[in-house]
Amino acid sequence: MAILFRWLFRLATALIFLGLAAFALAYYFASRSLPDYDMQAEVAGLTAPVEIVRDNANVPHIFGETDSDVFFALGYAHAQDRLWQMTMLRRTAQGRLSELFGERTVQIDSLIRRLDLYGLSVRSVAAQDQQGRAALDAYAAGVNAWLAEVNKGALGRGAPEMWLFNHPVAPWQPADSLAVMKVMALQLSSHLSGEVLRARTSLMIDQERLRDILPDAPGNGIAALPEYAQLVPGVPRYAANMAIPRDPLSPVKPIQLAGASNAWAANPARAAAGATLLANDPHLGLTAPTVWYLARLELDSGGVIGGTIPGIPVILSGRSANLGWGITSSYLDDQDLFIEEVNPDDPSQYRTTDGWAPFETRESIINVKDGRAVTLQLQWTKNGPVLPPNQYSLGTITPPGHVTSLGWTALSDRDTSLSAALGIMRARTVTSAIAAAETYVAPSQNLILSDRNRIAMKTIGHMPARDPAHQSQGRLPSFGYIAQNQWAGRLPYDTNPEFVDPAGGILGNTNNKIIDRAFPQHMSFRWGDTQRINRWQRLMQSRQVHTRESFIEAQLDTVSYTARALLPLIGADLWFTGDAATEGTPERQRQKALELLAAWNGEMNEHLPEPLIYAAWLRELQERLVRDELGPLTGEFTHPNPVFINRVFRNINGAGAWCDVLQSAPTETCTDISRQALDDALLWVAENHGSAIEAVRWGDAHQATHDHPVLGTAPVLNWFVNIRQSTSGGDNTLQRGRTSGLDPFPFQNVHAAGYRGVYDFADPDSSVFITATGQSGHPLSRYYDNLGELWRRGEYIPMSLDPALARAAAVGITVLAPPTADP
């Protein structure tokens, strides 16, 4: 026995030693790609030396003699910190993910190839203005200079992920940056999905109930539209969901997680210090690292500082000494689906207004890791590319003998959005920034501006010119061969909404409805917010003048206007009712929950139980209201719609009919459904968070999920690469933390403000900003998550253009210089 024990001990010791050795070896190879920020290097492509001064938060401050040298250094810094992220964005745009990830991503690549995002980007390079082309060329040269350093110095292939997914990294091209912008446009688009959902839902219920479950933003209504079954005959009443399952690598996001953001500004009369203020927090899906990267550039036009996206040589939200700018998703309807009839005698043709015409076709081959290559037959009509039926569940709304094509403003091969963004960044006044944005194409944004004296908001991006007689007004898929459904180019730039120096001194946007114009100059029928705007109005109008601190307070506000508005409705007949109940019974749990909610002010604080009870109640309530009418389609409505619930409980135009369960003999009331939903919610809370409802925490359910898109689900590795944080806020608070809506963790925070900035032109160097994780994309770097805890606590870092301040506590200074000539 002693001998056996001795050998077992030796074996265990050997295994431990081998495990430690393997860990040490893995750490060594992974750490090789950690960049040295305090270095000097001679690199080709520069005209003069350039400095990258990294302040104590690792934000690069770039100083060079020419703008081209500065953009070169930005490309170098982006590649140092985010090479893997950049190459993944490029692969996504090229439709080449399957070369690394196999069958898992074939459908993603198939969609991207059909949209031809990369081909359009290549052709758009020639359309850029001189400054845009120079920035793209210099930026690409900077990225490639870092790639050369990686190869020359054996710097761990540039990123630890490269060891797990070994593949050659091609040199960065100017078109790559434009392609990244198109990927971002795809992430922010939602009108295609909205058309499909409206069509599918209209096949299940009548038009009156459709207005309940998919309501327009409150405001003046529109004329009645035909039912989809009448507009496009031959579609089954209901077909099973045909969409591709969600994948973190896909740039296509569910309609509930489309782009969102907040931005607002105050003119000098409404600012305590007598100069303008601007706040901006764009919302995107949370990832590790965040998509945002902070940087400062010293250009010929002056210093600029703010948030960039690695791969794109422009500051998208930020400020100079004279101008601040921010962006919000405008929800401009820039997508239409067309039902194209295929010639039954010749499937290579489709119907046009002039008869049958051939599809434009070509083949594309997707190489698949550990699998057979897939050959695609790509097709285009005059309306746009043809999409397959398994994308966006298009097969459920496409009649036999037809295919579906997409019209989208981002599918332009003369896309000058990058040049326009650079023009905004260089502008010195509100007027010049609005003029510079005229050539911006997609994705459409609301551009919020403030110079030292004026404020403005302008919707930028091409607005499709639709025929006033369009059959569905762009709300439903329509036949592509009918002339009145086709686009006639774009509307003039001055048609885009514009607000300059409003009389009240404050303007802003929370993705809410901003205009109420008749079709086709309506801008959109679908808006991203009907709730946050109410809280924002209250906060802005509750003070005569504002400060940087009051703008920060509004940006971090976690009070839910929705909770305050809906709880009195859904609990109207439940408050303080019912007989005495024994501890632990459902009746007693319900009474406790109602007592908590009755005293609650609507603050979605991570430490409180009330937000979790309220959120669970609302979720179960909507599910009970719609599941008998919508059946399997219920799964598409993953988030409670406050406007829908308000309509039901106020019985607007008969919406109270949703409360009656069609399949049951009794006639249920809204009080019955509300009480049952609350019991369902409390049961869910008890099963997942404990039965002591006074002790549950919203933050335990509402964790921010900064997950690595590739390694986030890998055993063991996910502990190193994912960042999870307890957070306040919710779906409809200004500090928005959009929940997943999916079991088993429906309240995880998956979509939030990855960047926050507040710009104060009374003292510009007192401006502040923050991102959700950190500057580095390397999990072993101390800058991988160094900003995350500050972001969670609602703190910021200085946003100063003072070079001395950046140098005072610099973590490193990189000096890049042109190669010296041989003597």
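Residues numbered from 1 in each chain as written. Predicted model: local features only at pLDDT ≥ 70, side-chain atom pairs only at ≥ 80, totals over all residues. Heavy atoms only, no water.

Here we look at the overall build of the chain
Using the following cut-off: Each helix is a run of H or I in the DSSP string that is no shorter than four residues. Each strand is a run of E no shorter than two, and both are numbered from the N terminus. Within these notes, the globule rule equals 2.2 Å times the number of residues to the 0.38 power, and the radius of gyration is based on C-alpha atoms. In this scheme, a residue with accessible area under 20% of its type's maximum is buried, one over 50% is exposed, and one in between is partly exposed, where area comes from a 1.4 Å probe on protein chains only.
Across its full length, the chain holds 24 helices and 29 strands. The C-alpha atoms of the chain give a radius of gyration of 28 Å, which matches the 28 Å a tight globule of 823 residues would have. Projected onto its principal axes, the C-alpha positions of the chain cover 95 × 85 × 75 Å. Looking at the chain residue by residue over its 823 residues, the buried ones come to 61%.

Examining empty space enclosed by the protein
Test applied: A 1.4 Å probe that fits but cannot get out identifies a cavity on a 1 Å grid over protein atoms alone, an open set with protein on both sides within 12 Å along at least five of seven lines counts as a pocket, and a residue lines either if it has an atom within 4 Å of a point. Grid points are joined across faces, edges and corners, and a volume is the space filled by probe spheres set on the points. In this classification, the charged set is Asp, Glu, Lys and Arg, the nonpolar set is Ala, Val, Leu, Ile, Met, Phe, Trp, Tyr, Cys and Pro, and all remaining amino acids, among them Gly, are polar.
With the rule as written, the count across this model stands at seven cavities of 30 Å³ or more. Approximately 340 Å³ is the volume attributed to the second largest cavity. Looking at the second largest cavity, it is lined by 25 residues, and the ones nearest its centre are Leu316, Ile327, Tyr440, Pro443 and Gln445. The set of elements that each furnish at least two residues to the lining of the second largest cavity consists of helix 8 (174-188), strand 4 (260-266), strand 5 (277-285), strand 9 (323-329), helix 12 (417-426) and strand 17 (445-451). Broken down by class, the residue content of the lining of the second largest cavity amounts to 20 nonpolar, five polar and no charged.

A few points about the side chain of Ser364
The criterion, for reference: Any N or O atom pair separated by 3.5 Å or less is treated as a polar contact, with the protein-specific requirement of one donor-capable and one acceptor-capable atom, and with residues adjacent in sequence counted only for side-chain atom pairs. For this analysis, residues touch if any pair of their heavy atoms sits within 4.5 Å.
Within the secondary structure, Ser364 is located in strand 13 (residues 360-366). Judged by its relative accessible area of 9%, Ser364 is buried. A polar contact is formed between the side chain of Ser364 and the side chain of Arg113, at a distance of 2.7 Å. If we ignore the near neighbours within four places in the chain, the residues touching Ser364 are Arg113, Val374, Thr375, Leu376 and Leu378.

Side note on unusual backbone geometry
In this structure, the amide linkage connecting Ala288 to the following residue, Pro289, adopts the cis form with an omega of -5°. For Pro289, the position within the fold is in the loop between strand 5 and strand 6 (293-299). For the bond from Asp743 to Pro744, the omega torsion is 10°, close enough to zero to count as cis. On the secondary structure map, Pro744 appears in the loop between strand 24 (737-739) and strand 25 (749-753). For Ser393, which is not glycine, the phi dihedral falls at a positive 60°. For Ser393, the location among the structural elements is in the loop between strand 15 (384-387) and strand 16 (402-408). One non-glycine residue, Gln473, adopts positive backbone phi at about 55°. By relative accessible area, which is 14% here, Gln473 ends up buried.

Focus on the nonpolar core
Let me state the cut-off plainly: Nonpolar cores are built from buried Ala, Val, Leu, Ile, Met, Phe, Trp, Tyr and Cys residues. Side-chain atoms within 4.5 Å join them into one set.
If you look at the biggest cluster of nonpolar residues, it comprises 146 residues, and the most contacted ones within it are Tyr76, Leu297, Trp325, Met425, Ile797 and Leu816. The element contributing the most residues to this core is helix 2 (residues 67-94), with 14 residues. Leave out the neighbours within four places in its chain, and Leu816 touches Ala41, Val43, Leu46, Ala48, Pro49, Val50, Ile52, Phe72 and Tyr76. Leu566, Leu569, Ala655 and Cys670 belong to the second largest nonpolar core, which has 51 residues in total.

Considerations on helix 20 (residues 670-689)
Basically, it comes down to this: What a helix should span is 1.5 Å times the count of its residues minus one.
Taking 1.5 Å of rise per residue, 20 residues should cover 28 Å, and helix 20 covers 27 Å from first to last C-alpha, within 8% of that figure. Every buried residue of helix 20 is listed here: Cys670, Ile673, Ser674, Ala677, Leu678, Ala681, Leu682, Trp684 and Val685. Those residues of helix 20 that are buried lie in contact with helix 16 (561-570), helix 17 (586-598), helix 18 (610-630) and helix 19 (642-650).

Notes on the environment of Pro642
As for its placement among the helices and strands, Pro642 is situated in helix 19. Taking the C-alpha atoms as reference points, Pro642 and Thr13, 629 residues apart in sequence, are found 61 Å from one another. Apart from residues lying up to four places away in sequence, Pro642 is in contact with Gln531, Thr562, Leu566 and Asn732.

A word on helix 12
Here helix 12 lies mainly inside the structure; nine of its ten residues are buried. Among the residues of helix 12, those classed as buried are Ser417, Leu418, Ser419, Ala420, Ala421, Leu422, Ile424, Met425 and Arg426.

Concerning the state of the cysteines
Rule in force here: Two cysteine sulfur atoms make up a disulfide if the distance between them is within 2.5 Å.
Tallied over the full model, the rule gives one disulfide. The disulfide partner of Cys659 is Cys670, and the gap between their sulfur atoms is 2.0 Å. Residues Cys659 and Cys670 are joined through a disulfide that is right-handed, its torsion about the S-S bond being 95°. Of the two residues, Cys659 sits in the loop between helix 19 and helix 20 while Cys670 sits in helix 20, which places them eleven residues apart along the sequence. Accessibility expressed as a relative area gives 18% for Cys670, which makes it buried.

Topic: the environment of Met86
Locating Met86 in the fold gives a position in helix 2. Residue Met86 is classed as buried on the basis of its relative accessible area, which comes to 0%. C-alpha separation for the pair Met86 and Asp333, spaced 247 residues apart in sequence, amounts to 29 Å. The contact partners of Met86, leaving out residues within four places of it in the chain, are His78, Ala79, Tyr139, Val143, Trp172, Pro310 and Gly311.

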